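# Chain and residue survey
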Amino acid sequence: MINPLQAMARWRAEENALDSALSLFAAATAWGFAWKLLSTPTTGRPATEVELACVLGGCVAVTSWAMARHLYMIGRRRPRRIVFWSVVITCGVLFATRALIRYSFSSRCTEDMAGVLKTPAHWLGGSGIDQICVVNEVPGNPYLPGTLLEPAWSGDIPAWLAILLVAAAVTGANGLRDRRLRSSGIGAKLLDQLELAPAAGVESAIGKVPPDGEVVACGNPTLWGEICGQLYPANKKWEPGEWCRRCQQPFLAADRMLRFNVVSLWTSDIDVLNGLERLDTLSWPMGQPVPPDARVSGRERWITLGTLEMPDVISVAQALALAHARLEMWKGADDPMVKRAAQLARERASRICAWIWFGQVSHRMTYARPTQRARFALGAARLRDLVPEGGETLTLQLDVGLLPLELRLAFRRRFVDETRPDEVRNSKLDLWIPVSPPPAHKGEPGLWVDRIEGKALRAWLATDRMRPAGVRGVSTPLGYRPYSADAPMTELPVRPLGRLDFQRQPLDEDGEEPRSPTLPGVSVAEWDWFEPEQIELLRREALVLVETDAADEAAKEAV
Ligand SMILES: [Zn+2]
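Residues numbered from 1 in each chain as written. Predicted model: local features only at pLDDT ≥ 70, side-chain atom pairs only at ≥ 80, totals over all residues. Heavy atoms only, no water.

### Digging into the packing of aromatic side chains
Enumeration according to the criterion identifies eight aromatic pairs in this entry. Between the aromatic rings of tyrosine 232 and phenylalanine 251, the centroid separation amounts to 5.3 Å while the plane-to-plane angle is 80°, which identifies the pairing as edge-to-face. You can see tyrosine 232 sitting in strand E5 (residues 231-233) and its partner phenylalanine 251 sitting in the loop between E5 and strand E6 (257-265), a full 19 residues away along the chain. Residue tyrosine 232 is classed as buried on the basis of its relative accessible area, which comes to 1%. Here phenylalanine 251 falls in the buried class, since its relative accessible area comes to 16%. One aromatic cluster is present, built from ring pairs that chain together Tyr232, Trp238 and Phe251. The aromatic ring of phenylalanine 415 is capped on one face by arginine 420, whose charged end is 3.7 Å from the ring centroid. (Phe/Tyr/Trp six-rings, centres within 6.5 Å; stacked < 30°, edge-to-face > 60°. Helix = DSSP H or I, 4+ residues; strand = E, 2+ residues; numbered from the N terminus. Buried < 20%, exposed > 50% of the residue type's maximum accessible area, 1.4 Å probe, protein only. Lys NZ or Arg CZ within 6 Å of the ring centre and 35° of its normal.)

Structure below.
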């Protein structure tokens, strides 16, 4: 189970560790650079005041920022306290570095260069330098005085520099205390996770709900801008004016209850399902209306598990949690089909997404797509936003990871017997495609949302291929031509002129024929992967094999 609080603590720890390491590294690098620059004995001029101000000012600002970041991260957020401690620590680091620079000048002089440390003569006194290094001097010989090396910085901090450094430290600490090197990703990650978080269902109800018990939800609007939706057992006795424990307002039950028939697939074996759909494929001569559907297999794809009544203010994930709790009961049913479907749904159904069907469908359970009027319901959406007002029959279809698509194809069949004329036919079939990851062996099952990769979908749809015109005994795919009573077809197509492509097209009211509008984005060839909205449209509309115009193709290629 995803625990947002634990995940947040982990992300926070990771980000803070990185932030701390990066800021300390930046400060250490800056001081390392300053130490190297300022401790080298030099024969020329020492560092000028401007150089000194730049180098030390930069180091001080970075250190003070790093200290302020640390104080900020451990929760000390008051600016004065942050500034005070940052400046104190930075001054400490500055004086430590100063001592280190003086020490390393003397050690370099005596050890590396075999020189002698001396106190400078009066002519150097004004620069504040109190130690110089004399190399290769012959003692007592005034003609061989050796080389005189000075430190780049005497360690002296004049008053103006002290003021500047303190100002840099204060500004660095105060102005940059909430500036991180990498911006935090916790907000985005948390949103992602909440979108895919399962709900707790009856366990989140306040008060004990019996296993088959009804629930009510609080319908108060809340101060944080959404509906409360807290669950309570339906049999709880409310005192007048008693407060809801979540929104802290007098309890007001959501008045609209939604009654769902819960259905699920009888099997998750995609080969069996697609075999059934091949049996039930409908094919008819092109240019004629769609014939009545015989449903040869007669097999019900969908099994009604039971009914479930829920308040409309709860979210889809919460509704699915209630449905999953009820599955435990339904899997003990007497009917073996219900038992099997409930068992399958328990193992494989998503806890975050499902489909809601509108209208009466109980007579169409042998169809892979009993109705076009299906909505893809996702995690955090509220039921009331998905289900419009009105007394329609509602069906909650649990999603076990298989999506039915309707395909409209056409083909021309040439027979081996040359005297037999060619047949040109339209056909209509459903195709199941897998849209879920494989069932989880460990961890929490059902934490996924339908996902379709463009490449995989095209591979599933690649059912037939083009062949040369002369080949006999095979069928060649053609673009689907819908029947129209107003404009009867005079000439049957011989072979596709342009290129064949699957396009998503809405079906007319009774689902007979596609109404081919030309909209951008309807071709499945264009997409690398499909958004939930597109998956919903794939489910509601049909995929029609169309011939893109040969003239269009030529124009496109010319461009
Ligand atoms: Zn409430």
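And the narrative resumes.
### Quick look at the coordination of the zinc ion
Summarising the metal site, the zinc ion is bound by the protein donors Cys218 (SG), Cys228 (SG), Cys244 (SG) and Cys247 (SG), whose distances to it range over 2.2 to 2.3 Å. Geometry at the zinc ion is tetrahedral, judged from its four donor atoms and the angles of 104 to 113° they form at the metal. Read N to C, the donor residues that coordinate the zinc ion are spaced as C-x9-C-x15-C-x2-C. Of the two residues, cysteine 218 sits in the loop between strand E4 (215-217) and E5 while cysteine 244 sits in the loop between E5 and E6, which places them 26 residues apart along the sequence. (Donors = N, O, S within 2.8 Å, 3.2 Å for Na, K, Ca; no water. Tetrahedral: all angles 85-135°; square planar, octahedral: opposite > 155°, others 65-115°.)

### Some words on the sheet that holds strand E3 (residues 147-149)
As summarised here, the arrangement of the three strands in space is E1-E2-E3, forming an open sheet in which the pairing is antiparallel. This sheet does not close on itself; its edge strands, each paired only once, are strand E1 (116-118) and E3. Each adjacent strand pair in this sheet contributes to an overall mean axis angle of 30°, direction not counted. As paired strands, strand E2 (residues 132-135) and E3 are joined by three bridges and run antiparallel to one another. Bridge assignment links valine 134 to a residue of E3, and that residue is leucine 148. Sheet strands in contact with helix H3 (residues 79-112) are E1, E2 and E3, and its direction is about 135° off that of E1. (Pairing = 2+ DSSP bridges. Axes fitted to C-alpha atoms, helices over the stretch in contact; angles between N-to-C directions. Contact = heavy atoms within 4.5 Å.)

### Here we look at the domain arrangement of the chain
Interface size is commonly expressed as the accessible surface area that is lost when the partners come together. Per the domain assignment, the segments of the chain are domain 1 (4-113 + 155-175), domain 2 (200-255) and domain 3 (266-295 + 347-376 + 385-558). Placing the centre of domain 1 and that of domain 3 at their C-alpha centroids yields a distance of 66 Å. (Domains from an automatic or database assignment.)

### Describing the packing of helix H2 (residues 49-73) against helix H4 (residues 159-175)
Viewed as axis vectors pointing N to C, H2 and H4 meet at an angle of 30°, and their least axial separation amounts to 7 Å. What the angle tells us is that H2 and H4 run roughly parallel. Handedness of the crossing formed by H2 with H4: right-handed. When H2 is examined against H4, the residues Glu49, Leu52, Ala53, Leu56, Gly57, Val60, Ala61, Ser64, Trp65 and Ala68 are found in contact with a partner set consisting of Trp160, Leu161, Leu164, Leu165, Ala168, Ala169, Gly172 and Ala173. Here the residues of the contact of H2 with H4 are counted per class, giving 14 nonpolar, three polar and one charged. (Parallel < 35°, antiparallel > 145°, perpendicular 65-115°, else oblique. Left-handed = near helix turned anticlockwise from the far one by under 90°. Nonpolar A, V, L, I, M, F, W, Y, C, P; charged D, E, K, R; others polar.)

### Thoughts on a positive patch on the surface
Where like charges cluster on the molecular surface, the positive patch consists of Arg76, Arg78, Arg80 and Arg81. Relative to the assigned elements, arginine 80 resides in helix H3. (Patch = residues over 30% accessible without salt bridge, like charges linked within 9 Å, V, L, I, M, F, W, Y side chains within 5 Å. Areas by Shrake-Rupley, 256 points an atom, 1.4 Å probe, with all protein chains shown as cover. Salt bridge = Lys/Arg side-chain N within 4 Å of Asp/Glu carboxyl O. Lys, Arg positive; Asp, Glu negative; His and termini not counted. Charge placed at Lys NZ, Arg CZ, Asp CG, Glu CD.)

### Focus: the nonpolar core
In this structure, Ile356 and Leu398 are the most contacted members of the largest nonpolar core, which totals 77 residues. It is helix H7 (residues 316-330) that contributes the most residues to this core, seven residues altogether. Among the domains, domain 2 (200-255) and domain 3 (266-295 + 347-376 + 385-558) are the pair contributing at least three residues each to this core. The residues touching leucine 398, leaving out its near neighbours within four places in the chain, are Val262, Val263, Ser264, Leu305, Leu320, Ala323, Leu327, Ala345 and Ala349. Counting 24 residues, the second-largest nonpolar core is a separate cluster that includes Ala53, Val60, Ile82 and Trp153. (Core = buried A, V, L, I, M, F, W, Y, C linked by side-chain atoms within 4.5 Å.)

### Focus: the pattern of salt bridges
All told, the structure shown has 30 salt bridges when counted by the stated rule. Between arginine 295 and aspartate 280 there is a salt bridge whose closest N-O contact spans 3.7 Å. With arginine 295 in the loop between strand E7 (282-285) and strand E8 (302-311) and aspartate 280 in the loop between helix H6 (270-279) and E7, this residue pair connects regions lying 15 residues apart in the sequence. A single burial state applies to arginine 295 and to aspartate 280, both of which are buried.

### Digging into the sheet that holds strand E9 (residues 353-358)
Sheet architecture is open: five strands sit in the order E8-E6-E11-E9-E10, paired in mixed fashion. Edge strands, defined here as strands with exactly one partner in the open sheet, are E8 and strand E10 (374-378). Averaged over all pairs of adjacent strands, the angle between their axes in this sheet comes to 30°, without regard to strand direction. Pairing analysis gives four bridges linking E6 to strand E11 (residues 394-398), with the strands arranged parallel. Looking at E11, one finds that valine 263 is bridged to glutamine 397. Relative to the sheet, H7 contacts E6, E8, E9, E10 and E11, its axis offset from that of E8 by approximately 125°. Against the sheet, helix H11 (residues 532-540) contacts E8, E9, E10 and E11, and its axis sits at roughly 155° relative to E10.

### Thoughts on the packing of helix H1 (residues 4-39) against H2
The N-to-C vectors of H1 and H2 enclose an angle of 160°; their axes lie 9 Å apart at closest approach. For the element pair H1 / H2, the angle class is roughly antiparallel. When the axes of H1 and H2 are compared, the crossing they make is left-handed. The class makeup of the residues in the contact of H1 with H2 is 18 nonpolar, five polar and two charged.

### Focus on empty space enclosed by the protein
Scanning the entire structure with this criterion turns up four cavities of 30 Å³ or more. Size it by volume and the largest cavity reaches roughly 100 Å³. Forming the walls of the largest cavity are Val202, Pro211, Gly213, Glu214, Val215, Leu308, Glu309, Met310, Leu322, Ala325 and Arg326. Elements supplying a minimum of two residues to the lining of the largest cavity: E8 and H7. Its residues assigned to classes, the lining of the largest cavity shows seven nonpolar, one polar and three charged. Put simply, the second largest cavity is a space of about 60 Å³. (1 Å grid on protein atoms, 1.4 Å probe; cavity = no way out; pocket = protein on both sides within 12 Å on 5 of 7 lines; lining within 4 Å. Points joined across faces, edges and corners; volume = space filled by probe spheres on them.)

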